[in-house]
Amino acid sequence: DAGVTQSPTHLIKTRGQHVTLRCSPISGHKSVSWYQQVLGQGPQFIFQYYEKEERGRGNFPDRFSARQFPNYSSELNVNALLLGDSALYLCASIQEGTEAFFGQGTRLTVV
Amino acid sequence: AQSVTQLDSQVPVFEEAPVELRCNYSSSVSVYLFWYVQYPNQGLQLLLKYLSGSTLVESINGFEAEFNKSQTSFHLRKPSVHISDTAEYFCAVSAIWGFNKFYFGSGTKLNVKP
């Protein structure tokens, strides 16, 4: 079985641009969460989706949005990028009630 | 809400020495507890977890952690570390009835020296 896959692995964007990050969960997992990990810090919760519905949102501005598709894959969108959005974005595939399986992440650099 | 405090940002230790990485949490509800490990430029890998039952949990590579409810702690220990254990370790909690939202500590960098 494939693990959690995220794409792209790295990307560089300019301030003010928009970015879309993608995540495919482990087969059979219906819940996906997104986390932002700024260098030197622990991951911070952004969103959780379960069965295509938003179930939780962290303390992030409205520039951040996400959605989950019928096949349970997910996209994280960030508009009007700021330098401070530079981070490793992690997607977690949730086996409800037990643990989160994380992807390798997308390293976003905003210049 | 929950919060996690990892008291040591960096822990240097010599190979084959014992190590303890400290983790304290705060929560008004019952939680699950986790330790994740992150190697450079990689995602997070689950090291061990406490869900219920025995308060001492072990990983396959020699780490163990003990849940102490009265002290709200979940310290990670290994009796003899290897160079390959060099990584960053994150403690995390998730409310039992909380849609699996994880709160992470700020991480502890374990640097094992030869």
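Draft legend 1. Local environment of the overall build of chain B. Of regular secondary structure, chain B possesses 0 helices and 12 strands. The helix and strand sequence of chain B, counted from the amino end, reads β-β-β-β-β-β-β-β-β-β-β-β. Its C-alpha atoms give chain B a radius of gyration of 14 Å, within 12% of the compact-globule value 13 Å for 114 residues. Taken over the C-alpha atoms alone, chain B extends approximately 45 × 30 × 25 Å along its principal axes.

Draft legend 2. A look at the interface of chain B and chain A. Listed by partner, the interface residues are 19 residues for chain B and 21 residues for chain A. A combined buried area of about 1700 Å² lies between chain B and chain A, and 51% of that area is made up of carbon and sulfur atoms. In this structure, the connection of chain B to chain A is made through 0 salt bridges. Viewed at the interface, chain A and chain B are joined by 4 residue pairs in polar contact (both at pLDDT 80 or more). For the side of chain B that touches chain A, the secondary-structure elements that each account for two or more residues are strand S5 (31-38), strand S6 (44-50) and strand S11 (102-104) of chain B. Here the element with the most residues in the side of chain B that touches chain A is S5 of chain B; it accounts for 4 residues.

Draft legend 3. Quick peek at the sheet that holds strand S8 (residues 74-78) of chain A. All names here are of chain A. One open sheet accounts for 4 strands, arranged S1-S3-S8-S7; its pairing is antiparallel. The sheet is open, and its two edges are formed by strand S1 (5-7) and strand S7 (64-68), each paired on a single side. Adjacent strand axes in the sheet meet at a mean angle of 15 degrees when their direction is disregarded. Bridge analysis of S7 against S8 gives 5 bridges, and the strand direction is antiparallel. When the sheet's bridge partners are listed, arginine 67 is paired in S8 with glutamate 75.

Draft legend 4. Highlighting unusual backbone geometry. Cis geometry marks the peptide bond from serine 7 of chain A to proline 8 of chain A, where omega comes out at -10 degrees. As for its placement among the helices and strands, proline 8 of chain A is situated in the loop between S1 and strand S2 (10-13). One non-glycine residue, glutamate 51 of chain A, lies in positive phi territory at about 50 degrees. Mapped onto the secondary structure, glutamate 51 of chain A falls in the loop between strand S5 (44-50) and strand S6 (53-57). The backbone of threonine 72 of chain B sits at a positive phi, close to 45 degrees, despite the residue not being glycine.

Draft legend 5. Molecular detail of the side chain of serine 33 of chain A. Assignment of secondary structure puts serine 33 of chain A in strand S4 (residues 31-37). The residues contacting serine 33 of chain A, other than those within four sequence positions of it, are Phe45, Phe47, Gln48, Leu90, Cys91, Ala92 and Ile94 of chain A.

Draft legend 6. How the structure looks around the layout of surface pockets. Approximately 430 Å³ is the volume attributed to the largest pocket. Lining the largest pocket we find 21 residues, and of these Leu39 of chain A together with Gln38, Pro40, Glu88 and Lys109 of chain B sit closest to its centre. Elements with a contribution of two residues or more to the lining of the largest pocket: strand S2 (10-14), strand S10 (87-95) and strand S12 (108-113) of chain B. Its residues assigned to classes, the lining of the largest pocket comprises 9 nonpolar, 9 polar and 3 charged. Considered as a void within the structure, the second largest pocket measures approximately 200 Å³ in volume. If you list the elements that add at least two residues to the lining of the second largest pocket, you get S5 of chain A together with strand S1 (2-5) and S11 of chain B. In the lining of the second largest pocket, the residues fall into 7 nonpolar, 5 polar and 1 charged.

Draft legend 7. The state of the cysteines, seen in detail. Counted under the stated rule, the structure contains 2 disulfides over all chains. With its sulfur 1.8 Å from that of its partner, cysteine 23 of chain A forms a disulfide with cysteine 91 of chain A. Since a negative S-S torsion denotes a left-handed disulfide, the cysteine 23 of chain A-cysteine 91 of chain A link at about -65 degrees is left-handed. In this pair, cysteine 23 of chain A is assigned in strand S3 (residues 19-24) and cysteine 91 of chain A in strand S9 (residues 87-95), connecting sequence segments 68 residues apart. Linked covalently through their sulfurs, cysteine 23 of chain B and cysteine 91 of chain B form a disulfide whose S-S length is 1.9 Å. On the S-S bond that ties cysteine 23 of chain B to cysteine 91 of chain B, the torsion sits near -65 degrees, and the link is left-handed.

Conventions we followed
- Residues numbered from 1 in each chain as written.
- Chains lettered and ligands numbered in written order.
- Predicted model: local features only at pLDDT ≥ 70, side-chain atom pairs only at ≥ 80, totals over all residues.
- Heavy atoms only, no water.
- Helix = DSSP H or I, 4+ residues; strand = E, 2+ residues; numbered from the N terminus.
- Rg over C-alpha atoms; globule rule 2.2 N^0.38 Å.
- Contact = heavy atoms within 4.5 Å.
- Buried area = accessible area lost by both parts, 1.4 Å probe.
- Salt bridge = Lys/Arg side-chain N within 4 Å of Asp/Glu carboxyl O.
- Polar contact = N/O pair within 3.5 Å; in protein donor to acceptor, adjacent residues only side chain to side chain.
- Pairing = 2+ DSSP bridges.
- Axes fitted to C-alpha atoms, helices over the stretch in contact; angles between N-to-C directions.
- 1 Å grid on protein atoms, 1.4 Å probe; cavity = no way out; pocket = protein on both sides within 12 Å on 5 of 7 lines; lining within 4 Å.
- Points joined across faces, edges and corners; volume = space filled by probe spheres on them.
- Nonpolar A, V, L, I, M, F, W, Y, C, P; charged D, E, K, R; others polar.
- Disulfide = S-S within 2.5 Å.

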